[in-house]
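Below, each chain spelled out in residue letters.
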Amino acid sequence: MKALDLRGLSPAPVTPFTLDGAVDFAAIQRLGSWLGTIDGVKSLVVLGHAGEGTFLTRDEQEQVIRAFIESTNGRIPVVAGITLEGTKVAAEEAKRAVDAGAAAGLVYPSHGWLRFGYQKGAPQDRYRAIYEESGLPLILFQYPDATKATYNLETQLEIAAQPGVFAMKNGVRNMKRWDTEIPVIRRERPDLQILTCHDEYLLHTMFDVDGALVGYGGIAPEPLIEMIAAGKAKDYAKARALHDRLLPVTSNVYHRGSHMEGSVALKWALVARGILDHATVRPPLLPLAEGAQGEIAAAMKSAGLGRVDTSATKKAA
């Protein structure tokens, strides 16, 4: 297994679409080229929630992986979301990701577990089978405590000990569990890279992690890289100042009626930065309410997140 160092920021970029709903490869080139040139960005994580990965066909998923790899000229690794329900089909999905050039996989829980929970040992078996079938290095994905797909501490530790698992994306969103479980995971699995995915709770979680794997990183990589550095330095004043600077953006992207609206809001934020021309999404996502575009643009401006110079990224897809 090739070791990957994700100690820093791993943005989870959106998947841009054309106005008629096709994957917009020219926009991927602009987005990936920009993110891939920022010092402190360690990988791009595609085909997740922010990237509308489960809304794409298999061919589109492979094309998106390849397009993001091409956009950075291979400078940084591209990680693919592994999302399919059954373990066998997820393993096949991981093999396709390998063929497309993905350097690692972010393994989602079987989505039936969200409602019904999981049998003891089933998550461990899912990771084992995916790695054995594909050879793809894997990231453990800890879901929110509010779901039945969240893993208890024993399950997290057992998955983290398995061959091929090198990092954790933790989004438990229960600070009691975070404060009690992260120290144990650190002690018992010291080589595991721990990455926060608490887009809306970054300040609290930033002092305990090696980095962040967040959709937020696709719109505001510069201040988030500063916040990661402040967290590692235990510089609360600096981290707090960055948090407060970003709070209008956080509110306008992640404090909406549904967390899924954040995927749409991320695209409007990229419009404000000059990366995207519009915020087209695929159903079941819907456009945001009237006025949201202006609110998001104003929040980005207030945070000092201006337009990006894309003149060097306008390579034809």
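Definitions and cut-offs
Residues numbered from 1 in each chain as written. Predicted model: local features only at pLDDT ≥ 70, side-chain atom pairs only at ≥ 80, totals over all residues. Heavy atoms only, no water. Core = buried A, V, L, I, M, F, W, Y, C linked by side-chain atoms within 4.5 Å. Buried < 20%, exposed > 50% of the residue type's maximum accessible area, 1.4 Å probe, protein only. Helix = DSSP H or I, 4+ residues; strand = E, 2+ residues; numbered from the N terminus. Contact = heavy atoms within 4.5 Å. Expected span 1.5 Å × (residues − 1). Bend = angle between axes of the 7 residues up to and from the residue. Polar contact = N/O pair within 3.5 Å; in protein donor to acceptor, adjacent residues only side chain to side chain. Axes fitted to C-alpha atoms, helices over the stretch in contact; angles between N-to-C directions. Parallel < 35°, antiparallel > 145°, perpendicular 65-115°, else oblique. Left-handed = near helix turned anticlockwise from the far one by under 90°. Nonpolar A, V, L, I, M, F, W, Y, C, P; charged D, E, K, R; others polar. Pairing = 2+ DSSP bridges.

Residues Ile-65, Tyr-127, Tyr-216, Ile-219 and Val-249 are the most contacted members of the largest nonpolar core, which totals 110 residues. For this core, the element with the most residues is helix α11 (residues 261-272), which contributes eight residues. Discounting chain neighbours no more than four positions away, the residues touching Ile-219 are Trp-34, Val-249, Val-253, Leu-266, Ala-269, Leu-270, Arg-273 and Met-300.

Turning next to helix α7 (residues 175-188). For α7, spanning 14 residues, the distance from its first C-alpha to its last is 20 Å, which sits close to the expected 20 Å at 1.5 Å a residue. Along its length, α7 reaches its greatest deviation from straightness, about 30°, at Glu-181, and the proline Pro-183 lies no more than four positions downstream. All of the buried residues in α7 are Arg-177, Trp-178, Glu-181, Ile-182, Val-184 and Ile-185. Close packing links the buried residues of α7 with β5 (138-142), α6 (153-160), β6 (165-170), β7 (193-196) and α8 (202-205). You can read the cap of α7 off the contacts: a side-chain oxygen lies 3.0 Å from the backbone nitrogen of Lys-176, and it is on Asn-174.

Before going further, it helps to examine the packing of α6 against α7. Between α6 and α7, the shortest axis-to-axis distance is 11 Å and the interhelical angle comes to 30°. By the angle between their directions, the pair α6 and α7 is classed as roughly parallel. The interaxial crossing formed by α6 with α7 has right-handed handedness. Along the contact surface, α6 presents Leu-153, Gln-156 and Leu-157, while α7 presents Arg-177, Glu-181, Val-184, Ile-185 and Glu-188. In terms of residue class, the contact of α6 with α7 is made up of four nonpolar, one polar and three charged.

Moving on: helix α9 (residues 221-232). Here α9 spans 17 Å end to end across 12 residues, near enough to the 16 Å set by a 1.5 Å rise per residue. Regarding α9, the residues found buried are Pro-221, Pro-223, Leu-224, Ile-225, Met-227, Ile-228, Ala-230 and Gly-231. Those residues of α9 that are buried are in contact with β1 (9-11), α1 (25-36), α8, β8 (211-214) and α10 (236-254). Backbone geometry just after α9 places Lys-234 at a positive phi near 55°.

This part covers the sheet that holds strand β2 (residues 44-46). Judged by pairing direction, the sheet is parallel, and its eight strands sit side by side in the order β1-β8-β7-β6-β5-β4-β3-β2 without closing on themselves. A strand with exactly one partner marks an edge of an open sheet, and here the two such strands are β1 and β2. Sheet twist, expressed as the average angle between the axes of neighbouring strands with direction ignored, equals 25°. As defined by bridge partners, strand β3 (residues 78-82) adjoins strand β4 (residues 104-107) across four bridges and the pair is classed as parallel. Within the sheet, the bridge partner assigned to Gly-81 lies in β4 and is Leu-106. Of the strands in this sheet, β5, β6 and β7 touch α7, which is tilted by about 160° from β7. The strands that α9 touches are β1 and β8; relative to β1, the one it contacts most, it runs at about 150°.

On to the packing of α9 against α10, then. Taken N-terminus to C-terminus, the directions of α9 and α10 make an angle of 155°; their axes are 8 Å apart at the nearest point. Classified by the angle between their axes, α9 and α10 sit roughly antiparallel to one another. Crossing handedness for the pair α9 and α10: left-handed. Together, Pro-223, Leu-224, Glu-226, Met-227 and Ala-230 of α9 and Lys-238, Ala-239, Leu-242, His-243, Arg-245 and Leu-246 of α10 make up the contact between the two elements. Tallied by class, the residues present in the contact of α9 with α10 amount to seven nonpolar, one polar and three charged.

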